[in-house]
Structures are given as C-alpha cells and as structure tokens.
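Letter by letter, the chains look like this.
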Amino acid sequence: MNDRISEKLSILADAAKYDVSCSSSGSKRENVNKGLGNAAGGMGICHAYTEDGRCVSLLKILLTNYCIFNCAYCVSRSSNDVKRAAFTVDEVVELTINFYRRNYIEGLFLSSGIFKNADYTMERLVLIAKKLRTEHNFHGYIHLKAIPGASNELMRQAGLYADRLSVNVEMPTEQSLQLLAPEKNRQDMLQPMHYLKTQILQHQEEKKTSRHLPLFAPAGQSTQMVIGATPENDMQVLLMANYFYKKMQLKRVYYSGYVPISNDNRLPAIGTPVPMIRENRLYQADWLMRFYGFAAGELVAPDHPHLDMDIDPKLSWALRNLHVFPLDVNKADVELIMRVPGIGVGSAHKIVAARRFNLLTHDHLQKIGIAYNRAKYFITCKGPGTLVKDYTPLQIKQQILAMQHSKYQPNFSPQLTLF
Amino acid sequence: MHTLVFDGSFQGLLSAVFTVFEYKLQQVQLVTPQQPLPLFGNRQEVITHTAQAQRVWNGLLRYISPEARQQLYKAFLSEQDTMPQILLTYMQYAFAQQAAVEKNFSHPAVLAVHQTAQKVHREKHRMEAFVRFHLTKDQLYYAVVEPDFNVLPLISEHFEKRYADQQWMIYDARRKYGIYYDLTTVTAIEMDFNTSLQQGRNIAAAYDEKEEQYQHLWQQYFAHVNIAARKNTALHIRHMPLRYWKYLPEKQPAR
Ligand code: SF4
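Owing to the predicted nature of the structure, the values given are computational and were not obtained by experimental measurement.

**Considering the overall build of chain A**
Looking only at helices and strands, chain A has 15 helices and 10 strands in total. Against the compact-globule benchmark of 22 Å for 419 residues, chain A has a radius of gyration of 24 Å, which places it among compact chains. Here chain A holds 419 residues, and the buried ones make up 56% of them. Counting only contacts in chain A whose residues sit at least 6 apart along the sequence, the fraction spanning at least 24 positions is 66%. Accessible surface for chain A amounts to roughly 18,200 Å². Of this, 54% is attributable to carbon and sulfur atoms.

Right, dumping it as structure tokens:
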C-alpha cells in the first residue's frame, strides 16, 4: 500500500506544483479542546524550500489529475499523455495529519482536476476538509481550490472548513482565456469569487454582534495569473490585480511565470525560458501596492506599460519623479520616506521614531540598516555626507547599476561590462 | 572600576543590575565565572536573587513597552559575550531617562539590542520551521536541533499550542538540554545522550513502524514539488542554510 501512496503522491504533487500560492498566514484558527494544530498568530511558516528556492509550507497536492477539460497551459489537461492518479478522501486526510504531526507542514493546499463535473469534484474537496476538522479536531491551515461552476451551497461549506479559498483566473484577460481554455469562461471564475466575497463580508458583519459564530474563510481569498504565456503587458496584469484587491477584496494575487510544458502552437515553445525576472518585478510592484501605498497607475501607465527589467519598480518610480526628492529624513512624512529607494517600511518607521531623540546623520541611517548607497541620491540629513547633486535620472540609474554590477562582478561574464 | 561576577543566567544578570542600582555603582563590568577576570579594581560576586531580579524586570515596564522588554531577553539568549554589558548599559539608560528609550535607534546599546533580538527572533522562527519530529515506539514525537542561539525557551509556547494532543520532546544537542511536553505542561530537562539515532541508524529499533514510511513520503513529496526549469541553488541554500540539513529528513539520501 505504501508504494501506491508513494506513486500517487509523486504524480499529484508534481501536477500541483505549478500553483504558486504558498501562503499559510492570515488565519485566526486557534487550537481548542487540546486538538491538533494551530493556524492563529500572524506569520505563516515555511518548513522547507525547494531546490528552485520556493517555500514549502503546505502539503500542496491535487486530489486527482484526471480532468475533463483541456486548458492549453495545464499539465493535467485531458489531451496530455501523462500518468493519472487519484487519492481517496482518507488518504489525503492521513497524509495531512501525519505530515503535520511531524512538523513538516502548516497544513493542506488541495486542488483538483475536474472529474465528472464541478460539483462532484468540489464535494470531495469539502469532504476532506470537513473530516480533518470534525473527526480529527485539526486546526492547521487548509486552503481549498474553489472549482469554478460549483454550487453556492458547496462554496459556503468550503468557507466553513477552509482558512483560505482560491479561484485561479489563470489568464489576465478574457481574450487569452478564450484562446487557451475555450471551454472555460471568465464569468464562471468571477462568480464564485464574488459569492465568497459577499459571504466573507456578511460573516464579518455578523461577527460583530455574535462572538461564537464559526469562522468563515478567515484568511480570505487569493487567485493566480499565468504570466508570459500570452501577450498582455504589465499594465494589464497590474490593473487586473488592482481590481481583485479593490473590488473583490482578495488577500493575495499570485503571478506564475509560464513554464512551457507542451508543444502547442498557441503557447511559447518548450525550452523558452521561464520569465523569472518579470515575475519577480510583478511581485515587487504588487508588494508596493499592498504595503507602500502605491497606486497601480504610479507604477505602470500607458506611456510605460511595462515594468523595467533592469531596476526595481520603486527605483523606477523615484527616477520618474525626481521632483519629489531630495527628502529631509529629519522632517519628511513616514509615507514619503518609505518611497525612498533603499529604505523599507521597517527602516522608515525606525527613522521617524529615532529622530525624536536626535537629529539623524548619515551614520545613524547606515547603522539603522538602510541601503545608503541607493538612498543617498534621494535624501538629505544632518551633517556632512549628504551630497545631493543635480544628477539626471539616467546618471543615478547608471551609478546604482554600476554598484550592483561591481557587487556581483565575479558572477558575470566580461561581456556585461558593455553596459 | 567594579567587576561584578554573575552566574551567567538571566536572573543572575538582573540581580547584578539590581546590585548596580542598590549600591549606586559607577563604571561596572559584568563577567561570568567562565570569563577571565580583569586584573584591577573591585571584584564582587553577585548572588542570584529571584526577588531582586523580578524588581528590575517589573521596573523596566514603567518606561519601556512589554515588547521592548522581551527584546532584552531575546538579546540575552544570543549568548554573545558582550551582551550582558550592553544590556546593563541599556537598562541604565532606560532608568536614567525614565522614557521609552527603545525607539532611540541612534543609541548604540538600543540599536545593538534591537538588532541582536531580531537575529535571535529569526533563529526562533527558523527553529519553528525546521524542527522535524520522529515518532518513537513509545509514541513520543522526538526532534533534535542545534540552533545558533539558545531559542528553546522561545519556541516552547509555539509547540505547546500546536501539538496539544501529542507527547513531544525537542532536544538541543549543542546545549545538551531539551523541552518535553507530557500532554499537560512543558518542562525543561537536562541530559546528555547519544543523538546518532537521528542520523538514520537503528531507525527500526527505536521508531514507530510507520515512521520510516512517512519520512520516505516526505522525501518523495519534497523531490516532486521542485520545478527543474527554475532551479536556483543559491536561493535554496540562502533559505535553508546547510548547517540545518543534518536534521532534515528531506535533505537525507533516500533510504
Ligand atoms: S480545468 Fe483545471 S485541471 Fe483541468 S485542464 Fe483546466 S486548468 Fe487543468
């Protein structure tokens, strides 16, 4: 029996690995009645990292990789010639509990190909979560994929047992979806998202008056977009993300650089490199929107619809807005200090706290831990060491890039000196 | 110059701070019995005194926040030789200013405590991640770790909340003590025993019959979530430093 589980695990972990969501934070589920597990308390925990450097915090598997659909970008699509497998409900429950007890994982991320139809599949996902909660008194994290097209009643039950739910929109625009997954439609994806949003809000409202209400998807919803399989620019992607954050109140949007998995003339050929830098820039931009108060329109706009590949989006914004700088770190608002390249949220708050005791010098700033060599073009402080000259954006960019290159020089071939 | 010799414990350190205030000592140097004594000046032995320590500990809260006070303890657990002295300077500064000095990141002692506490906190977080329990025949979930800093006191509550329904023990092989949860409370236990069990020898003898199977499944899972097209060894090692590998089943060769 062990060999069979082992084989299934290989197949169904393999098939789930392209889903990039890995968060296990943001829930409020506490261990009660001496049960197993605890998903309360802020930060999630990454228990391991894959050889590609991504975090492993959940047992991320498909219930099955059988699928009646044939989405071009998906390994599990019906026309793909791969080994198929399906877990039973109990197998998933046992694996989760035993991995959790050994502190391998924070919980379960369960997705699935679609066998028979949406409801049939969703029902099984819900059953697994229900068993974990009610029969095993399990309080670890559970993330369920909401299958587009499943009934509202099943979505509601999923919300009662899961910490987070997600519907992947996969493609940033309707046209791309049409092209690559003609059997799917965007409305089927947005509908459950919308239903869940309403339920979550309603639940939060009721929670104010009745304290013993059971949790409902306390860690909210997330979604994923595949990047680089289709011709959308970064502006389209980020405006879409902005829509999800603002209108659907999603907790996270994930960007998944397309890994070519098949020869399909609608898609980049096998061997095309994964757009990792672009993916990284999108995450940086997303981070700026969520934690630094940047609007999507400040990062990308019709006259620069793509994020820069050679510098990060915050530096890029600063260079386009040099009129805002230099900032006096001893006076400026914390929101503006956060916008200085080389100063993060934490350092910005430290600066504002410390300047009430002392006028800060560049020495203080360096000790506090800002990236001074980057920030120095954008700030003034007390005493010598502040040399804001009238550099042009291009000059600043070149100096910062030169600095980065010299830092990594040994890793590059001599050709790079051409830049 | 006064030299105060304390026993190296946190309570001992706080007792020393109490002594400094009680006798209004100027220019104090704190040392533990293991450290070489300075040649000149007065030398005084500090007796660890729980009530005195408690007074200093409570007194801190008049000026600094509970989080800042916790940082002092975390910085202490870094076991750095210079830390007792820095902590003394910090506390003297706090009591002299009678203000929330924890926010003055331009003060060297405040900054050092803050930064060291952060390092210890990171290690605490990593240990919460990298503890790997092995189920023994006696149904004890057993793990060995070798953290850079003495973080077992900091992770105890995390594991108590999480594994409320299983007996577990986490053993610090470097400091030769462990924390043990017996389904009711967590206690610290000192012992010195052979950790070679962890390295895979004798596994069948000591462990539950299913243990090897689950380790194997975990290895299998770990191998299959990797995306070869994205391989990035530098990043992998940055997140999962080599020094932790020897206790991680997923980094052991498959059996
Ligand atoms: S429905 Fe989901 S599992 Fe099926 S082919 Fe499309 S993306 Fe893949």
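After presenting the structure, the write-up continues.
**Notes on the overall build of chain B**
Helix and strand counts for chain B come out as nine helices and eight strands. Once the C-alpha set of chain B is aligned to its principal axes, its extents read approximately 65 × 40 × 35 Å. Per-residue burial over chain B gives 51% buried out of 255 residues. Long-range pairs, those at least 24 residues apart, make up 67% of the contacts in chain B between residues at least 6 apart in sequence. Put simply, chain B shows about 12,200 Å² of open surface, and 52% of that area lies on carbon and sulfur atoms.

**With respect to the nonpolar core**
Within the largest apolar cluster, 198 residues are counted, with the highest numbers of intra-cluster contacts made by Ile61, Phe99, Met225 and Phe244 of chain A together with Ile170 and Tyr221 of chain B. For Met225 of chain A, the contacting residues outside a window of four places in its chain are Val169, Glu170, Pro172, Val237, Met240, Ala241, Phe244, Val253, Tyr254, Tyr255 and Ser256 of chain A. With eight residues, the next largest nonpolar core counts Tyr142, Val144, Met169 and Tyr171 of chain B among its residues.

**Brief notes about the site of the ligand**
Surrounding the ligand, one finds Cys67, Phe69, Cys71, Cys74, Arg77, Gly113, Ile114 and Lys184 of chain A. Considering only residue class, the shell around the ligand consists of five nonpolar, one polar and two charged.

**Some remarks on the layout of surface pockets**
In this model, the second largest pocket occupies a volume close to 530 Å³. The wall of the second largest pocket is formed by 23 residues, among which Ala40 and Gly41 of chain A together with Lys124, Glu128 and His158 of chain B lie closest to the centre. Contributing elements (two or more residues each) for the lining of the second largest pocket: helix H5 (108-130) and helix H6 (152-162) of chain B. Sort the elements by how many residues they give to the lining of the second largest pocket and H6 of chain B lands first, with five residues.

**Observations concerning the domain arrangement of chain A**
With domains assigned, chain A is organised as domain 1 (3-23 + 41-275) and domain 2 (313-403). Put simply, the middle of domain 1 of chain A and the middle of domain 2 of chain A, counted by C-alpha atoms, are 40 Å apart.

**Notes on the UniProt feature "domain: Radical SAM core" (unreviewed entry) in chain A**
UniProt records the feature "domain: Radical SAM core" (unreviewed entry) at residues 62-197 of chain A, using the numbering of this structure. The distance from the first to the last C-alpha atom of residues 62-197 of chain A is 24 Å, and the span holds 43% helix and 10% strand.

**Focus on the packing of aromatic side chains**
According to the stated counting rule, one finds 28 aromatic pairs over all chains in the structure shown. Geometrically, the ring pair formed by Trp317 of chain A and Phe325 of chain A is edge-to-face, given 6.1 Å between the ring centres and 85° between the ring planes. One exposure class covers both Trp317 of chain A and Phe325 of chain A, and it is buried. Here the aromatic rings of Phe10 of chain B and Tyr73 of chain B are separated by 5.0 Å at their centres, their planes lie at 55°, and the arrangement is tilted. Within this pair, whereas Phe10 of chain B is found in helix H1 (residues 10-22), its partner Tyr73 of chain B is found in helix H3 (residues 66-76), the two being separated by 63 residues in sequence. On the basis of relative accessible area, Phe10 of chain B is assigned to the buried category, the value being 11%.

**Description of the pattern of salt bridges**
Within the structure shown, the criterion is met by 32 salt bridges over all chains. Salt bridges here are not isolated pairs; linked through shared partners, they connect Arg4, Lys8 and Glu91 of chain A.

**What about the interface of chain A and chain B?**
Listed by partner, the interface residues are 59 residues for chain A and 58 residues for chain B. With both chains or domains summed, chain A and chain B bury close to 5,100 Å², and 56% of this area falls on carbon and sulfur atoms. At the junction of chain A with chain B, the criterion picks out five salt bridges. Those elements that place two or more of their residues in the side of chain A that touches chain B are helix H1 (2-14), strand E1 (48-49), strand E3 (58-62), helix H2 (89-101), helix H8 (276-291), helix H12 (345-354) and helix H13 (362-368) of chain A. In terms of residues, the side of chain A that touches chain B owes the most to one element, H1 of chain A, which gives seven residues. Of the residues contributing to the side of chain A that touches chain B, the split by class is 28 nonpolar, 16 polar and 15 charged.

**What about the domain arrangement of chain B?**
The assigned domain composition of chain B is domain 1 (2-123), domain 2 (131-208) and domain 3 (209-254). One C-alpha centre belongs to domain 1 of chain B, the other to domain 3 of chain B; they are set 41 Å apart.

**Observations regarding empty space enclosed by the protein**
Residue and element names in this part refer to chain A. Following the criterion strictly, the structure yields three cavities of 30 Å³ or more and no others. Estimated volume of the largest cavity: approximately 630 Å³. Elements represented by at least two residues in the lining of the largest cavity include exactly strand E4 (107-111), strand E7 (221-227) and strand E8 (252-257). Taken together, the residues of the lining of the largest cavity sort by class into 21 nonpolar, nine polar and five charged. Of the pockets and cavities examined, the second largest cavity occupies roughly 60 Å³.

**Some details on unusual backbone geometry**
All names here are of chain A. For the peptide bond that leads from Phe325 to Pro326, omega is 0°, which places it in the cis range. You can see Pro326 is positioned in the loop between helix H10 (313-320) and strand E9 (327-328). Even without being a glycine, Gln249 presents a positive backbone phi close to 50°. Counting through the fold element by element, Gln249 comes out in the loop between helix H7 (234-247) and E8.

**Some words on the side chain of Asp264 of chain A**
Checked against the element boundaries, Asp264 of chain A lands in the loop between E8 and H8. In this structure the side chain of Asp264 of chain A is engaged in a polar contact, spanning 2.8 Å, whose partner is the side chain of Arg266 of chain A.

**Brief notes about the sheet that holds E4 of chain A**
Residues and elements named next belong to chain A. Read from one edge of the open sheet, six strands run E3-E4-E5-E6-E7-E8, paired in parallel fashion. Because the sheet does not close on itself, it has two edges, and the strands there are E3 and E8. Adjacent strand axes in the sheet meet at a mean angle of 20° when their direction is disregarded. Sheet topology note: the E3/E4 ladder contains five bridges and is parallel. Opposite Lys60, over in E4, you have Phe109 as the bridge partner. Of the strands in this sheet, E7 and E8 touch H7, which is tilted by about 155° from E8.

**Structural notes on the side chain of Thr116 of chain B**
Topologically, Thr116 of chain B is positioned in helix H5. Not counting residues up to four positions away in its chain, the partners in contact with Thr116 of chain B are Ala75, Ser78, Gln80 and Met83 of chain B.

**Quick notes on the pairing of E3 of chain A**
Residues and elements named next belong to chain A. Extensive coverage of E3 is indicated by the burial of five of its five residues. A two-sided burial pattern is seen for E3, the buried positions comprising Leu58, Lys60 and Leu62 on one face and Leu59 and Ile61 on the other. Between the parallel elements E3 and E4, the chain passes through H2 in a crossover that is right-handed.

What counts as what
- Residues numbered from 1 in each chain as written.
- Chains lettered and ligands numbered in written order.
- Predicted model: local features only at pLDDT ≥ 70, side-chain atom pairs only at ≥ 80, totals over all residues.
- Heavy atoms only, no water.
- Helix = DSSP H or I, 4+ residues; strand = E, 2+ residues; numbered from the N terminus.
- Rg over C-alpha atoms; globule rule 2.2 N^0.38 Å.
- Buried < 20%, exposed > 50% of the residue type's maximum accessible area, 1.4 Å probe, protein only.
- Contact = heavy atoms within 4.5 Å.
- Areas by Shrake-Rupley, 256 points an atom, 1.4 Å probe, with all protein chains shown as cover.
- Core = buried A, V, L, I, M, F, W, Y, C linked by side-chain atoms within 4.5 Å.
- Near = heavy atom within 4 Å.
- Nonpolar A, V, L, I, M, F, W, Y, C, P; charged D, E, K, R; others polar.
- 1 Å grid on protein atoms, 1.4 Å probe; cavity = no way out; pocket = protein on both sides within 12 Å on 5 of 7 lines; lining within 4 Å.
- Points joined across faces, edges and corners; volume = space filled by probe spheres on them.
- Domains from an automatic or database assignment.
- UniProt positions renumbered as here; feature names shortened; annotations may be inferred.
- Phe/Tyr/Trp six-rings, centres within 6.5 Å; stacked < 30°, edge-to-face > 60°.
- Salt bridge = Lys/Arg side-chain N within 4 Å of Asp/Glu carboxyl O.
- Buried area = accessible area lost by both parts, 1.4 Å probe.
- Polar contact = N/O pair within 3.5 Å; in protein donor to acceptor, adjacent residues only side chain to side chain.
- Pairing = 2+ DSSP bridges.
- Axes fitted to C-alpha atoms, helices over the stretch in contact; angles between N-to-C directions.
- Right-handed = clockwise from strand over helix to strand, strands pointing away.

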